[in-house]
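Next come the chains, spelled out residue by residue.
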Amino acid sequence: MLAETLSAAVVGVDGTPVRVEVDVAFGLPGLTIVGLAGSAIQEARDRVRSALRNSGFEIPSRRVTINLAPADLPKEGTGFDLPIAVGILAASGQLDPGRLGDTALVGELALDGGLRPVPGVMALAAAARASGVAGIIVAEPNLAEAATVREIAVFGAASLGAAVGHLSGRRLLDAAEPTSPSAWRPPEDAPDLSEVLGQRVARRAVEIAVAGRHNLALCGPPGIGKTLLLRCAAGLQPPLRDDEAIEVSRIYSVAGLVDRSAPLVRRRPFRAPHHTISTQALVGGGPRIRPGEASLAHRGVLMLDEALHFRSDALDALRQPLEAGTVTIARVDGVLFLPARFMLLAAFNPCPCGWSGSSRQCRCDEGARRRYGARLSGPLRDRLDLYVRMETVVTASRATRPEAKAVAAARIQAAWCRQLERQGIPNSELSLARMTAEQGFDADLLHLIDRRGHRFELSPRRLHRAARVARTIADLEASAAVSAQHLDEALRYRPEEIAA
Ligand SMILES: [Zn+2]
């Protein structure tokens, strides 16, 4: 007898519907799973057998063949346990197959028949909804996460028995209330900009970067406060919009990093991987495709401390997300895109010993300094918007009292709202074609931009980036028009001579 259950697989950070076809036929008893199933799915045989037995069901002493369709889609993970077990029950006459067409099933089975959570449930529930089913059954710990997806009834089951009780109509589960986003609160662990003494120019650059989501690099000797300043950016980022919150939460759900009690992320991510990270961990990929740090930083910040100590292939791999906002990963069945639109914050020393250009003596020879500077290769350097060379603070400027964090945060928030009202996207994403009088770039300013480009011998890409930064500086002053002053300030942060 043949039965079919509905489930879904994670592809990148999206879900796609999967049909689980189960055939129970005469022949030697055994259980075969086909349809590009990964190793975790092959192990489902043992889990499903034990779960069925320990839940009081019968294991058919016949030949059981399971096909996961579409067969050409590679599938991984343990979430097919539940649809496989239910399919076996339906194909062996222990459950009415007519009741399976309207509910998708996702969950890992414990040997005792308990139902366990799986990663990526937000994407899976969305795929189930797109395939037209009315409901989905997930493990109870996945309930709040799945219920962030609207227009589909979400049921949480504690066990295989509970899921079967619902499907048979004997004991219906209650549909979950839709999960609403938790209130936004600034991260408590982020340091306050007012803790940074002096460094007026660098503080200003952090504010501009966060306000318009521009890429920023700070260069300076050790202990000068580069890292602290960049960490301040975490607490200054504006809250995520609702649509962004869903995008980001889905990535965290797939990566298995979601807070199950508050699954909708409201805070912009702040990721700070160590410089020993592999390229794969940084941009994603691997046999089981997982989002890398670049995707986990989507709509937030990717901070590279000691940026020039990262592997050069890792830095090169950031070129594409910095340009396109996505990471491309090759798969057996084609190419996959992972979202990775982050703001890059980088910090590094000016030379290997760290003291070049400071009051202390630099111990590096000329060749070592040059090789070090070359590590920030063209691709990355070209994608920086703001660059500040930090100097050791002298006592006098230490005395100037920094303004409170709330003041800067309010200015950033206001500038942020202005961009979104005007153009619907952050200034960092403003295309050249949209730099018109409507966005505050009048003809005189466009001419001035050209002239400055000639004078400083800037590439069109670099000039375009400076114009976007100028737009943000104008927004911080609540100015509708971008002025020559705004442009000239933007050009002062141009990343021209990085490293000594
Ligand atoms: Zn040195």
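If you're wondering where the values come from, they're calculated on a predicted model, not measured in any experiment.

## Here's the deal with the overall build of the protein
(1) Moving on: Regarding its fold elements, the protein presents 20 helices and 16 strands.
(2) Moving on: Taken along its principal axes, the extent of the C-alpha atoms in the protein is 85 × 50 × 40 Å.
(3) Moving on: Expressed as a percentage of its 500 residues, the buried residues of the protein come to 54%.
(4) Moving on: Counted over contacts in the protein with a minimum sequence separation of 6, partners at least 24 positions apart contribute 74%.
(5) Moving on: Within the structure as shown, the protein displays about 21400 Å² of accessible surface, and the carbon and sulfur contribution to it stands at 51%.
(6) Moving on: Counting 61 positive and 55 negative side-chain charges, the protein places the centres of these two groups 4 Å from one another.

## With respect to the pattern of salt bridges
(1) Moving on: On inspection of all chains with the given rule, the structure shows 27 salt bridges.
(2) Moving on: With a shortest N-O distance of 2.8 Å, D475 and R422 are connected by a salt bridge. With a gap of 53 residues between them, D475 in helix α19 (residues 460-476) and R422 in helix α17 (residues 405-423) connect regions that are remote in the sequence.
(3) Moving on: R452 serves as the salt-bridge partner of D488, at 2.7 Å between the closest nitrogen and oxygen. Of the two residues, D488 is situated in helix α20 (residues 484-492) and R452 in helix α18 (residues 443-455); the sequence distance between them amounts to 36 residues.
(4) Moving on: When its relative accessible area of 25% is taken as the criterion, D488 is described as partly exposed.
(5) Moving on: Taking relative accessible area as the criterion, R452 reaches 13% and is therefore assigned buried.
(6) Moving on: A cluster of three or more residues bridged by salt bridges with shared partners is formed by E323, D382, R383, R461 and R462.

## A short note on the coordination of the zinc ion
The expected angle between donors at a tetrahedral four-coordinate metal is 109.5 degrees. At an octahedral six-coordinate metal it is 90 or 180 degrees.
(1) Moving on: Ligation of the zinc ion by protein atoms is provided by C351 (SG), C353 (SG), C362 (SG) and C364 (SG), these donors lying 2.1 to 2.4 Å from the ion.
(2) Moving on: Taken together, the 4 donor atoms coordinating the zinc ion span angles of 103 to 115° at the metal, a pattern that classifies the geometry as tetrahedral.
(3) Moving on: Every donor residue of the zinc ion comes from the same chain, spaced as C-x1-C-x8-C-x1-C. Highlighted residues: C351 in the loop between β15 (343-348) and α14 (366-374) and C362 in the loop between β15 and α14, separated in sequence by 11 residues.

## Side note on the pairing of strand β4 (residues 63-69)
(1) Moving on: Across 7 bridges, the pairing between strand β2 (residues 14-25) and β4 is antiparallel. The residue bridging D23 from the neighbouring strand is T65, located in β4.
(2) Moving on: Relative to β4, strand β3 (residues 30-34) runs parallel, the two sharing 5 bridges. For V34, the partnering residue across the bridge sits in β4 and is N67.

## Some points on the sheet that holds strand β16 (residues 386-389)
(1) Moving on: If you trace the 5 strands from one edge of the open sheet to the other, you get β11-β12-β15-β10-β16, paired in parallel fashion. Of all strands in the sheet, those bounded by a partner on one side alone are β11 (270-271) and β16.
(2) Moving on: In this sheet, β16 lies alongside strand β10 (residues 216-219) in parallel orientation, the contact comprising 4 bridges. Paired with A217 across the strands is Y387, a residue of β16.
(3) Moving on: Against the sheet, helix α8 (residues 226-236) contacts β10, β11, β12 (301-304) and β15, and its axis sits at roughly 165° relative to β15.

## Points about the pairing of β15
Successive residues of a regular strand alternate their side chains across the two faces of the sheet.
(1) Moving on: Summarising burial for β15: 6 of the 6 residues are buried, a large majority.
(2) Moving on: Both faces of β15 are covered, namely the face carrying M343, L345 and A347 and the face carrying L344, A346 and F348.
(3) Moving on: Of the strand pairs in this sheet, β10 and β15 are connected by 4 bridges, and their pairing is parallel. In the strand pairing of β15, A217 is matched with A346.
(4) Moving on: Taken together, the 4 bridges between β12 and β15 define a ladder with parallel strand orientation. If you follow L304 over to β15, its bridge partner there is A346.

## A closer look at the nonpolar core
(1) Moving on: Residues I66 and L160 are the most contacted members of the largest nonpolar core, which totals 83 residues.
(2) Moving on: If you tally residues by element for this core, the top one is helix α3 (residues 81-91), at 8 residues.
(3) Moving on: The contact partners of I66, leaving out residues within four places of it in the chain, are V20, E21, V22, L31, T32, I33, V34, I84 and I88.
(4) Moving on: Of all hydrophobic cores here, the second largest spans 48 residues; its members include L236, V388, F441 and I473.

## Considering the packing of aromatic side chains
(1) Moving on: With the rule as written, the count across this model stands at 0 aromatic pairs.
(2) Moving on: The cationic tip of R494 hangs over the ring face of F456; the distance from NZ or CZ to the ring centre is 4.0 Å.

## Let's talk about the side chain of T78
(1) Moving on: Within the element layout of this structure, T78 appears in the loop between β4 and α3.
(2) Moving on: According to the relative accessible area criterion, T78 is buried, its value standing at 18%.
(3) Moving on: Residues contacting T78, with those up to four places away along its chain left out, are A40, R47, G107, E108 and V118.

## Points about the packing of α3 against helix α6 (residues 160-168)
(1) Moving on: Relative to each other, α3 and α6 sit at 55°, their axes nearing to 11 Å. When the interaxial angle is binned, α3 and α6 end up oblique. The hand of the α3/α6 crossing is right-handed. For the pair formed by α3 and α6, the contact residues are L82, A85, V86 and L89 on the first element and L160, A163, V164 and L167 on the second.
(2) Moving on: Here the residues of the contact of α3 with α6 sort into 8 nonpolar, no polar and no charged.

About the cut-offs
- Note on numbering: residues in each chain are counted from 1, in written sequence order.
- A pLDDT threshold of at least 70 governs which residues receive local features in this predicted model, and a stricter bar of 80 or more applies before side-chain atom pairs are shown or counted, although totals over entire chains, interfaces and linings include all residues.
- Working from all heavy atoms in the structure, the side-chain values ignore hydrogens and water.
- Secondary structure elements are taken from DSSP: a helix is a run of H or I of four residues or more, a strand is a run of E of two residues or more, and numbering for both begins at the N terminus.
- For the exposure calls, accessible area comes from a 1.4 Å probe over protein chains only, and a residue counts as buried if that area is under 20% of its type's maximum, exposed if over 50%, partly exposed in between.
- Only heavy atoms enter the contact rule, under which two residues are in contact if any of them lie within 4.5 Å.
- Surface accessibility follows the Shrake-Rupley procedure with a 1.4 Å probe radius. Residue values consider only the protein chains on display as shielding.
- Positive: Lys, Arg. Negative: Asp, Glu. His and the chain ends are not part of the count.
- Note that the charge is assigned to NZ on lysines, CZ on arginines, CG on aspartates and CD on glutamates.
- Take a side-chain nitrogen of Lys or Arg and a carboxyl oxygen of Asp or Glu: if they are within 4 Å of each other, that pair is a salt bridge.
- Because no water is among the atoms considered, metal sites can look incomplete, with donors defined as N, O and S atoms within 2.8 Å of the metal, or 3.2 Å for Na, K and Ca.
- Site shape is set this way: if four donors have all angles between 85 and 135 degrees, tetrahedral; if opposite donors are over 155 degrees apart and all others between 65 and 115, square planar for four donors and octahedral for six; otherwise irregular.
- Two strands pair if DSSP finds at least two bridges between them.
- Convention adopted: a line fitted to C-alpha atoms gives each axis, helices being fitted over their contacting stretch, and angles between N-to-C directions are expressed from 0 to 180 degrees.
- Among buried residues, the Ala, Val, Leu, Ile, Met, Phe, Trp, Tyr and Cys ones that are joined through side-chain atoms within 4.5 Å form a nonpolar core.
- Between rings of Phe, Tyr and Trp, where Trp is taken as its six-membered ring, a pair exists when centres lie within 6.5 Å; planes separated by under 30 degrees are stacked, by over 60 edge-to-face, and by other angles tilted.
- In our convention, an over-ring charge means Lys NZ or Arg CZ found within 6 Å of a ring centre and within 35 degrees of that ring's normal.
- Angles below 35 degrees are treated as roughly parallel, those above 145 as roughly antiparallel, those between 65 and 115 as roughly perpendicular, and all remaining angles as oblique.
- Should the near helix be turned anticlockwise from the far one by less than a right angle, the crossing is left-handed, and should it be turned clockwise, the crossing is right-handed.
- Any residue that is not Ala, Val, Leu, Ile, Met, Phe, Trp, Tyr, Cys, Pro, Asp, Glu, Lys or Arg is counted as polar, Gly included; the first ten are nonpolar and the last four charged.

So, to be careful, I would describe these as geometric facts and stop short of saying anything about function.
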